[in-house]
Structure formats: structure tokens, C-alpha cells
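Commentary on secondary and tertiary structure
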Amino acid sequence: MVRIERLVTSGTFSLDGETFDVDNNVWIVGNDAEVLVIDAAHDADAIVEALGGRRAVAIVCTHGHDDHIDAAPELALRTGAPIMLHPDDLPLWHMRHPDLEPNTHLTDGQAIGVAGAELRVLHTPGHSPGAVCLHAPELGVVFSGDTLFQGGPGATGRSFSDRPTILRSIRERLLTLPPETVVHTGHGPDTTIGAEAASIE
């Protein structure tokens, strides 16, 4: 039985010379034997504890902002799991980890399997060039990273972001999903595709 667990970790987000305190959702998808970690944020110790000895098949980064990737190298070292990131976000990744490369580049349409479930990579640029969402149709969920939140699109006021692009990504890649699809976000509470459709200009 595949289950979805949320771990909230706290740290900072830095870009364009500013730093903010943030709480991040780390998503753990799998069963009692193996799991997928989505966004290794801030606290490798807390993530390892939440894994409880289960095998991590991969660490998927929804995008390259430092608050979503800062614990990824340590978690990879401690679990042996490969780090996966879309190559368009390598410039952001290298701001935080200049001497380290992700193990695998995510591609649009790629399928990632864990515990018998399949998560499909949706390239959704806008919040960042290589932002992705992960859609698990049989689970009725999409992991949206910072592309879509309760209340609308992710932020686009900083380097590497673009509002028209994120709106197009949401309209073409997310609002086409079933309206009852639960949206597990990178920060804050869940929402649904149907609830957010009206908030997209």
C-alpha cells in the first residue's frame, strides 16, 4: 500500500541578495520497504529519521532553489539515493552546490516508480526554468513544488522566474488534470486542481 507522508522542515531561502526564513514540505512517497523523497529541504537528520530505515530510491528536486535542495547532498550520502533535477535549473543548483552535480537529469514525461506507483514528471517552468511537478494519477495527487499553491501560482518576482511562463505552465500542464486531483505543495497546505482553477488569471 503506497502512502504519502509530509515532513515540515525549517530553514532559509536566499536569492538576489536577500534571505528569508521558510518552512518547507518534504514529501515521502512509498511503503514500508522503499520510498521516494521529494525536495530534501533543510534537515537531513529529520528526513533520515522519517525514512525509518526504508530504502530511498531517489531524491527528486522539484526545482533548484536552495531551500528545496540544501539537504539533498547529505541525504544522498547517507542513503545512497540518486539526486534528480531538471537540467534547466543547474544554474540555481550550482549557486548552493558549486562543486557537485545531480546524479540524474529529469525530463518531461519521465516516469519514476516507487513501491508499485508511478509518478510522471511534468516540466512546469515559470517559478524557475527547470521547475517540475510530479503527477501520480493512480494516487490522485500532484506534487507541485512551488509552481502552484493554495491561492494561486508560485512567486515570480525574482531571478530566473517569469509570470507569463508559470501561468502558461499551470494552464497547460496542471489545470488539464482532473479537478479532484489533490495538490501537495512545496510550502503550506494542500489544495485541489479544481479549487485553484478559478485563481488563475
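The sections below set out a description of the structure shown in this document. Residue numbers run consecutively from 1 along every chain, following the written order of its sequence. Under the rules for a predicted model, residues below a pLDDT of 70 receive no local features and side-chain atom pairs below 80 are neither given nor counted, while totals for whole chains, interfaces and linings still include all residues. For side-chain calculations, the full set of non-hydrogen atoms in the structure is used, while hydrogens and water are omitted.

So, about the overall build of the protein. Here a strand is any run of E in DSSP of at least two residues, a helix any run of H or I of at least four, and the numbering for each starts at the N terminus. Across its full length, the protein carries 6 helices and 14 strands. Against the compact-globule benchmark of 17 Å for 201 residues, the protein has a radius of gyration of 15 Å, which places it among compact chains. Overall size of the protein, expressed as C-alpha extent along the three principal axes, is 45 × 40 × 30 Å. Counting all 201 residues of the protein, 55% fall into the buried class. This count recognises Lys and Arg as positive and Asp and Glu as negative, with His and chain-terminal groups excluded. Lys charges are placed at NZ, Arg charges at CZ, Asp charges at CG and Glu charges at CD. Of note, the protein has its 12 positive side-chain charges centred 4 Å away from the centre of its 29 negative side-chain charges. This radius of gyration counts C-alpha atoms alone. The globule rule is 2.2 Å times how many residues there are, raised to the power 0.38. Buried residues are those whose accessible area, probed at 1.4 Å on protein chains only, stays under 20% of the maximum for their type, while exposed residues exceed 50% and partly exposed ones sit between those limits.

Moving on, we get to helix H3 (residues 72-79). Those residues of H3 that fall on the buried side of the exposure criterion are Ala72, Leu75 and Ala76. Along the long axis of H3, the arc covered by the buried residues comes to 100 degrees, so they all point the same way. Working rule for contacts: check all heavy atoms of both residues, and any pair within 4.5 Å makes them a contact. Against the buried residues of H3 lie strand S3 (34-38), helix H1 (44-51), strand S4 (55-60), helix H2 (66-69), strand S5 (83-85) and helix H4 (90-96). Where H3 ends, the next residue or the one after it, Gly80, has phi of about 80 degrees, a positive value. Here the arc refers to the set of directions running from the helix axis out to each C-beta atom.

Put simply, buried Ala, Val, Leu, Ile, Met, Phe, Trp, Tyr and Cys residues joined by side-chain atoms within 4.5 Å make one nonpolar core. Grouped together as the largest cluster of nonpolar side chains are 24 residues, with contacts concentrated most on Ile47, Leu51 and Ile59. Take this core: its biggest share by element is 4 residues, from H1. Aside from chain neighbours lying at most four places away, what touches Ile59 is Val37, Ala40, Ala72, Leu75, Ala76, Thr79, Ala81, Pro82, Ile83 and Met84. Residues Trp27, Ile38, Met84 and Val121 belong to the second largest nonpolar core, which totals 21 residues.

Let us now look at the side chain of Thr147. Tracing the backbone through its elements, the reader meets Thr147 in the loop between strand S10 (141-145) and strand S11 (148-149). Apart from residues lying up to four places away in sequence, Thr147 is in contact with Thr124, Ala131, Cys133, Pro153, Gly154, Ile166, Ile170 and Leu174.

On to the environment of Asn31, then. Within the secondary structure, Asn31 is located in the loop between strand S2 (18-30) and S3. Overall, Asn31 belongs to the buried group, its relative accessible area being 19%. A C-alpha to C-alpha distance of 36 Å links Asn31 and Leu15, two positions 16 residues apart in sequence. Those residues in contact with Asn31, other than ones at most four positions away along the chain, are Met1, Arg3, Arg54 and Ala115. In protein, a polar contact requires one atom able to donate a hydrogen and another able to accept it; more generally it is a pair of N or O atoms within 3.5 Å, and residues adjacent in sequence count only if both atoms are side-chain atoms. One polar contact links the side chain of Asn31 to the main-chain amide nitrogen of Glu34, over a distance of 2.9 Å.

Here we come to unusual backbone geometry. Of note in the backbone geometry, Asp39 takes a positive phi value of approximately 70 degrees without being a glycine. Among the structural elements, Asp39 can be located in the loop between S3 and H1. On the basis of relative accessibility, which here comes to 2%, the residue Asp39 falls in the buried class. Its identity is not glycine, yet His42 carries a phi of approximately 70 degrees, on the positive side. For His42, the position within the fold is in the loop between S3 and H1.

Turning our attention to the pairing of strand S7 (residues 111-114). Of the two faces of S7, the one holding Ile112 and Val114 is buried and the one holding Ala111 and Gly113 is not buried anywhere. Relative to strand S8 (residues 117-123), S7 is paired through 4 bridges, and the arrangement is antiparallel. Looking across to S8, one finds that Ile112 is bridged to Leu119. We call two strands paired when DSSP finds no fewer than two bridges between them. The turn joining S7 and S8, which pair antiparallel and follow one another in sequence, is formed by 2 residues; a positive phi near 55 degrees is taken by Ala115.

Between H1 and H3, the least distance of the axes is 9 Å, while the angle of their chain directions is 40 degrees. Relative to H3, the element H1 lies oblique. The interaxial crossing formed by H1 with H3 has right-handed handedness. Residue-level inspection shows Ala44, Asp45, Ile47, Val48 and Leu51 of H1 in contact with H3, the latter providing Glu74, Leu75, Arg78 and Thr79. In this analysis, axes come from line fits to C-alpha atoms, helices being fitted only over the stretch in contact, and the angle between any two N-to-C directions falls in the range 0 to 180 degrees. Roughly parallel means an angle under 35 degrees; roughly antiparallel means over 145; roughly perpendicular covers 65 to 115; every other angle is labelled oblique. In this scheme the handedness of a crossing depends on how the near helix is turned from the far one: anticlockwise by less than a right angle means left-handed, clockwise means right-handed.

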